[in-house]
Amino acid sequence: MSPPIAPSGWSRWLVPPAALSVHLSIGQAYAWSVFKPSLESALDLSGTQSALPFQLGIVMLGLSAAFGGTLVERNGPRWAMTVALCCFSSGFLISALGAATSQYWLIVLGYGFVGGIGLGIGYISPVSTLIKWFPDRPGMATGIAIMGFGGGALIASPWSAQMLESFGSDNSGIAAAFLVHGLTYAVFMSLGVLLVRVPRSDKPAVSGGPGPLDGVQVSARNAVRTPQFWCLWIVLCMNVTAGIGILEKAAPMITDFFADTSTPVSVSAAAGFVALLSAANMAGRIGWSSTSDLIGRKNIYRVYLGVGALMYALIAWLGDSSKPLFIVCALVILSFYGGGFATIPAYLKDLFGTYQVGAIHGRLLTAWSTAGVLGPLIVNWIADRQEEAGKSGASLYGVSLMIMIGLLVVGFVANEFVRPVHARHHIPAPREAADVQQRQQSA
């Protein structure tokens with residue numbers, strides 16, 4: 001499938017909706033917890049077992065983005081969105097068969113493995129295209145799309161809950177919900193496949209602005225050999241670990257913090273807190289990434305990591321004394337979590353150019369896979385050990401909060417080491433231009 005070249009007069013503002021149609025769909029991953037209670041009851045699973053499809057999906061997201069990034073760059077966004085559509089939708093259909101036949105391994109295979117590949121390819125599919133269309137505002141452009149991934153759960157959570165209520169929470173009801181998900185997302189993601197276009201390489205995407213091939217350009221192969229890439233890997237891993245540490249255990253954490261106070265948190269209030277965190281996650285993706293266009297990528301990560309460490313310190317020392325303080329600090333941390341995801345593609349573009357930024361971004365997302373395991377492991381394992389030692393309430397999280405502060409400081413230091421890429425890693429402009437022109441002529 002050849003990359004579709006935009007005709008003369010094509011509006012670049014049609015590309016963000018194409019990206020959003022994919023990211024809003026795959027953002028359903030953050031709503032997996034809606035299915036957990038029903039699966040545990042219908043298939044007699046433990047909480048650890050019911051989390052396996054989501055965990056495998058996040059691991060496959062990072063791996064497929066890393067290994068498929070070069071193919072995405074070579075074949076273009078339409079090919080990538082088509083692969084994402086087929087894998088993500090097929091994952092739900094396989095899961096529907098697994099639920100209907102009480103074969104849980106099919107749900108793990110479908111949602112976790114096959115669907116996880118769709119997550120990874122879909123996540124990076126529009127990134128380099130958006131950056132090429134918006135060289136003047138790359139942070140805003142990628143923020144719009146990646147905002148969809150953070151906000152997908154706001155749509156999927158109530159929708160999934162309503163289907164389970166309508167179809168039932170037994171095997172057949174879960175299978176029907178999976179089936180509807182797969183078919184609906186296939187139709188919605190196809191809008192992005194049909195709408196997406198890439199800009200011409202022989203003219204700027206913005207009148208009077210930089211062309212898509214202007215500036216420093218580095219191949220994905222060379223990028224992973226630079227210290228800048230590994231500094232950003234550490235930056236992203238530390239920021240995600242800190243954010244997911246709260247996100248994954250948000251409801252029990254706020255309940256535990258105020259369990260021994262005069263104002264305990266109810267189950268419904270804890271659920272509302274989780275919804276607020278999702279909104280902060282989504283808002284941070286567009287708000288902070290757009291701000292990075294004004295103050296620079298390095299400065300915005302100083303905010304994410306430095307202020308994030310301060311927020312964690314306030315929760316650790318004063319969080320159980322003030323419910324508003326706890327909530328505000330958590331919302332800020334989650335906004336930084338989302339902002340970090342949305343800003344990293346623009347940071348990569350600043351350092352490595354647009355030549356293979358999608359492939360470089362895919363390789364960097366292995367940091368997400370690592371953080372997806374590391375963050376929940378730190379918070380849950382330490383909380384379990386503290387509970388076994390007879391502790392309760394806010395003291396369950398004191399050690400893990402200190403660890404998160406340390407990780408953010410490590411990320412802050414790594415960000416300070418980021419410098420412009422040495423010229424020996426650059427791709428000569430004529431070679432790059434010829435490569436891109438050859439791809440367009442084959443379209």
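Conventions we followed
Residues numbered from 1 in each chain as written. Predicted model: local features only at pLDDT ≥ 70, side-chain atom pairs only at ≥ 80, totals over all residues. Heavy atoms only, no water. Helix = DSSP H or I, 4+ residues; strand = E, 2+ residues; numbered from the N terminus. Rg over C-alpha atoms; globule rule 2.2 N^0.38 Å. Buried < 20%, exposed > 50% of the residue type's maximum accessible area, 1.4 Å probe, protein only. Polar contact = N/O pair within 3.5 Å; in protein donor to acceptor, adjacent residues only side chain to side chain. Contact = heavy atoms within 4.5 Å. Domains from an automatic or database assignment. Buried area = accessible area lost by both parts, 1.4 Å probe. Salt bridge = Lys/Arg side-chain N within 4 Å of Asp/Glu carboxyl O. Expected span 1.5 Å × (residues − 1). pLDDT = per-residue confidence, 0-100. Disulfide = S-S within 2.5 Å. Axes fitted to C-alpha atoms, helices over the stretch in contact; angles between N-to-C directions. Parallel < 35°, antiparallel > 145°, perpendicular 65-115°, else oblique. Left-handed = near helix turned anticlockwise from the far one by under 90°. Nonpolar A, V, L, I, M, F, W, Y, C, P; charged D, E, K, R; others polar. Phe/Tyr/Trp six-rings, centres within 6.5 Å; stacked < 30°, edge-to-face > 60°. Lys NZ or Arg CZ within 6 Å of the ring centre and 35° of its normal. Arc of directions from axis to C-beta.

A. A look at the overall build of the protein chain. A tally of helices and strands in the protein chain yields 18 helices and 0 strands. Rg of the C-alpha trace for the protein chain: 22 Å, near the compact-globule value of 22 Å for 443 residues, within the 12% margin. Summarising its shape, the C-alpha atoms of the protein chain cover approximately 65 × 50 × 35 Å along the three principal directions. Expressed as a percentage of the 443 residues in the protein chain, the buried residues total 54%.

B. Unusual backbone geometry, seen in detail. Of note, the phi angle at D44 is positive, near 55°, even though the residue is not glycine. Here D44 shows up in the loop between α2 (36–43) and α3 (47–75). Backbone geometry at S102 places phi at a positive 60°, although glycine is not the residue there. Among the structural elements, S102 can be located in the loop between α4 (77–100) and α5 (104–124).

C. Structural context of the side chain of Q228. Mapped onto the elements, Q228 comes out in helix α10 (residues 227–247). Given a relative accessible area of 8%, Q228 falls into the buried group. A distance of 2.9 Å separates the side chain of Q228 from the backbone oxygen of R419, its partner in a polar contact. Those residues in contact with Q228 that lie beyond four places of it in its chain are L351, F352, R419, P420 and V421.

D. Quick look at the domain arrangement of the protein chain. Per the domain assignment, the segments of the protein chain are domain 1 (12–195) and domain 2 (220–423). Computed over C-alpha atoms, the centres of domain 1 and domain 2 are 22 Å apart. Together domain 1 and domain 2 conceal approximately 2600 Å² of surface at their shared face, both sides included; 70% is due to carbon and sulfur atoms. Summed over the shared surface of domain 1 and domain 2, the number is 11 residue pairs in polar contact (both at pLDDT 80 or more).

E. Structural detail: the pattern of salt bridges. For the structure shown, the criterion picks out 7 salt bridges. Between D293 and R297 there is a salt bridge whose closest N-O contact spans 2.7 Å. The class for D293 is partly exposed, based on a relative accessible area of 23%. Owing to a relative accessible area of 9%, R297 belongs among the buried residues under this scheme. Across the salt bridge formed by R302 and E416, the nearest N and O atoms sit 2.7 Å from each other. One end of the pair, R302, is in helix α13 (residues 297–318); the other, E416, is in helix α17 (residues 398–416), and 114 residues separate them in sequence. For R302, a relative accessible area of 30% gives the class partly exposed.

F. Broad picture of α4. Between its first and last C-alpha atoms α4 spans 34 Å; for 24 residues at 1.5 Å apiece the expected length is 34 Å, and the two agree. Two residues or fewer after α4 comes S102, characterised by a positive phi angle close to 60°.

G. Just the confidence of the model for the protein chain, in detail. For the protein chain, the average pLDDT comes to 87, and 92% of its residues sit at 70 or higher. Within the protein chain, the lowest mean pLDDT, 52, falls on helix α18 (residues 429–441), and the highest, 96, falls on α4.

H. Region of the structure containing the state of the cysteines. Under the definition given, this model contains 0 disulfides. The cysteine C237 is free of any disulfide, with C231 supplying the nearest cysteine sulfur at 13 Å.

I. Quick look at the packing of α13 against helix α14 (residues 323–352). At their nearest, the axes of α13 and α14 sit 9 Å apart, and the two run at 160° to each other. Here α13 is positioned roughly antiparallel relative to α14, judged by the angle of their axes. For the crossing formed where α13 meets α14, the hand is left-handed. A class-by-class count of the residues in the contact of α13 with α14 yields 20 nonpolar, 4 polar and 3 charged.

J. Structural detail: the packing of aromatic side chains. Applying the stated rule across the entire model yields 27 aromatic pairs. Judged by centre distance (5.2 Å) and plane angle (90°), the rings of Y123 and F149 are edge-to-face. Note that Y123 is positioned in helix α5 and F149 in helix α7 (residues 138–167), a separation of 26 residues in sequence. Of the two residues examined, Y123 and F149, each falls in the buried class. Taking the centre distance of 5.9 Å and the plane angle of 45° together, the rings of F273 and F326 count as tilted. One end of the pair, F273, is in helix α12 (residues 267–295); the other, F326, is in helix α14, and 53 residues separate them in sequence. Overall, the relative accessible area of 4% leaves F273 in the buried class. Overall, F326 belongs to the buried group, its relative accessible area being 1%. Its guanidinium or amino end placed over the ring of W10, R197 lies 4.6 Å from that ring's centre, counting from NZ or CZ.

K. Fine view of helix α11 (residues 250–257). The complete set of buried residues in α11 reads A250, M253, I254 and F257. Buried positions in α11, seen along its axis, are confined to an arc of 90° and lie on one side of it. Buried residues along α11 sit in contact with α10, α12, α13, α14, α16 (366–388) and α17.

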